[in-house]
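Residues per chain, in single letters:
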Amino acid sequence: MLEALKEKVFRANIRLVEAGLVILTWGNASGIDRSKGLVVIKPSGVGYGELSPEKMVVVDLNGNVLEGKLRPSSDTPTHIVLYRNFEGVNGIVHTHSTWATAWAQSKLPIPSLGTTHADHFHNEIPCTRFLSEEETEENYEMNTGRAIVETFARRDYLSTPGVLVAGHAPFTWGKSVDDAVNNSIVLEEVAKMAFLTKMLKSDVETLPVYIIDKHYSRKHGKNAYYGQKETLGND
Ligand SMILES: O=C(CO)[C@@H](O)[C@@H](O)COP(=O)(O)O
């Protein structure tokens with residue numbers, strides 16, 4: 001079942017290695033078929049070199065394995081919480097990419113210091129709170145998802161498609177699993193840029209809101225004019 005999605009999710013996981021965002025068995029990517037309410041995700045603890053579309057695991061939104069000989073990613077409950085709460089999100093990626101993970105370990109949000117960040121993530125990329133001892137003991141991965149959703153209670157998860165899990169590492173999402181991978185690539189880049197900028201000037205100011213909004217809106221939304229939109233051909 002879901003052979004085409006398995007292929008897409010497999011390729012997305014391989015892109016994480018090609019982009020230098022994961023090593024060993026760290027990280028995972030998943031995609032959802034919302035018409036069926038089924039998620040395809042990487043198997044747990046399997047090296048990327050051993051992956052294949054056939055090894056992807058199909059789970060429902062209660063975490064039941066519907067197809068696959070291997071156990072799904074240990075982070076599957078986190079992905080499921082995000083799919084359940086973030087409408088319009090069809091792909092999710094988790095990595096331990098170095099620069100973004102350093103920010104997650106600092107518990108600091110990544111500020112919107114430049115147009116590169118604003119283009120892609122609009123405002124700051126937030127960091128969750130630490131989970132409590134109880135939340136860690138019981139249903140850790142589900143509670144990780146809940147802490148992410150809580151962090152976006154007053155934020156737009158579509159215009160800021162990523163988060164730092166405190167003391168852990170980043171998660172990103174998108175309208176497809178490929179889009180989520182792109183967001184992980186950019187997240188790592190802006191994490192590095194922000195770190196280096198603050199090394200140059202520790203009290204650097206955030207970009208003015210009007211520049212942040214300009215850069216984000218010219219790439220996203222109904223008035224976007226960046227790139228080759230189909231409307232350009234409609235004289
Ligand atoms: O987040 C961590 C390690 O802290 C791992 O769960 C994750 O990177 C990979 O786990 P899986 O192999 O997907 O179960």
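Keep in mind that what you see is a predicted model, and the values were worked out from it rather than measured.

Engineer: Provide a residue-level description of the site of the ligand, including the pertinent values.
Structural biologist: For the ligand, the set of nearby residues contains 13 residues, the closest of which are G27, S44, G45, S73 and S74. In this structure, D75 approaches the ligand through a side-chain N or O atom, which is 3.1 Å from an oxygen atom. In the complex, the protein chains occlude 78% of the 370 Å² of accessible area that the ligand would expose alone. Tallied by class, the residues present in the shell around the ligand amount to one nonpolar, 10 polar and two charged.

Engineer: Can you break down a negative patch on the surface residue by residue, with the values?
Structural biologist: Together, E133, E134, E137 and E138 make up a negatively charged patch on the protein surface. Among the secondary structure elements, E134 is positioned in helix α5 (residues 133-137).

Engineer: So, the pairing of strand β3 (residues 57-60): which residues are in play, and what are the values?
Structural biologist: A two-sided burial pattern is seen for β3, the buried positions comprising V57 and V59 on one face and V58 and D60 on the other. Of the strand pairs in this sheet, strand β2 (residues 38-41) and β3 are connected by four bridges, and their pairing is antiparallel. Residue pairing across strands places I41 opposite V57, the latter belonging to β3. Sheet topology note: the β3/strand β4 (residues 65-67) ladder contains two bridges and is antiparallel. Among the inter-strand pairings, V58 is bridged to a residue of β4, identified as E67.

Engineer: Lay out the pattern of salt bridges with the relevant residues and their values.
Structural biologist: Enumeration according to the criterion identifies 10 salt bridges in this entry. One salt bridge connects E3 with K6, and the closest N-O pair in it is separated by 3.4 Å. Taken together, the residues E3 and K6, both in helix α1 (residues 3-18) and three residues apart, mark about one turn of the helix. A relative accessible area of 48% means that E3 is categorised as partly exposed. In this structure K6 comes out as buried when scored by relative accessible area, which is 5%. Its salt-bridge partner being K175, residue D179 comes within 3.6 Å of it at the nearest N-O pair. Given the relative accessible area of 61%, K175 is considered exposed. Connected through shared salt-bridge partners, E3, K6 and E67 make up one network.

Conventions and cut-offs
Residues numbered from 1 in each chain as written. Predicted model: local features only at pLDDT ≥ 70, side-chain atom pairs only at ≥ 80, totals over all residues. Heavy atoms only, no water. Near = heavy atom within 4 Å. Polar contact = N/O pair within 3.5 Å; in protein donor to acceptor, adjacent residues only side chain to side chain. Areas by Shrake-Rupley, 256 points an atom, 1.4 Å probe, with all protein chains shown as cover. Nonpolar A, V, L, I, M, F, W, Y, C, P; charged D, E, K, R; others polar. Patch = residues over 30% accessible without salt bridge, like charges linked within 9 Å, V, L, I, M, F, W, Y side chains within 5 Å. Salt bridge = Lys/Arg side-chain N within 4 Å of Asp/Glu carboxyl O. Lys, Arg positive; Asp, Glu negative; His and termini not counted. Charge placed at Lys NZ, Arg CZ, Asp CG, Glu CD. Helix = DSSP H or I, 4+ residues; strand = E, 2+ residues; numbered from the N terminus. Buried < 20%, exposed > 50% of the residue type's maximum accessible area, 1.4 Å probe, protein only. Pairing = 2+ DSSP bridges.

Function cannot be read off these values alone, since they describe shape.
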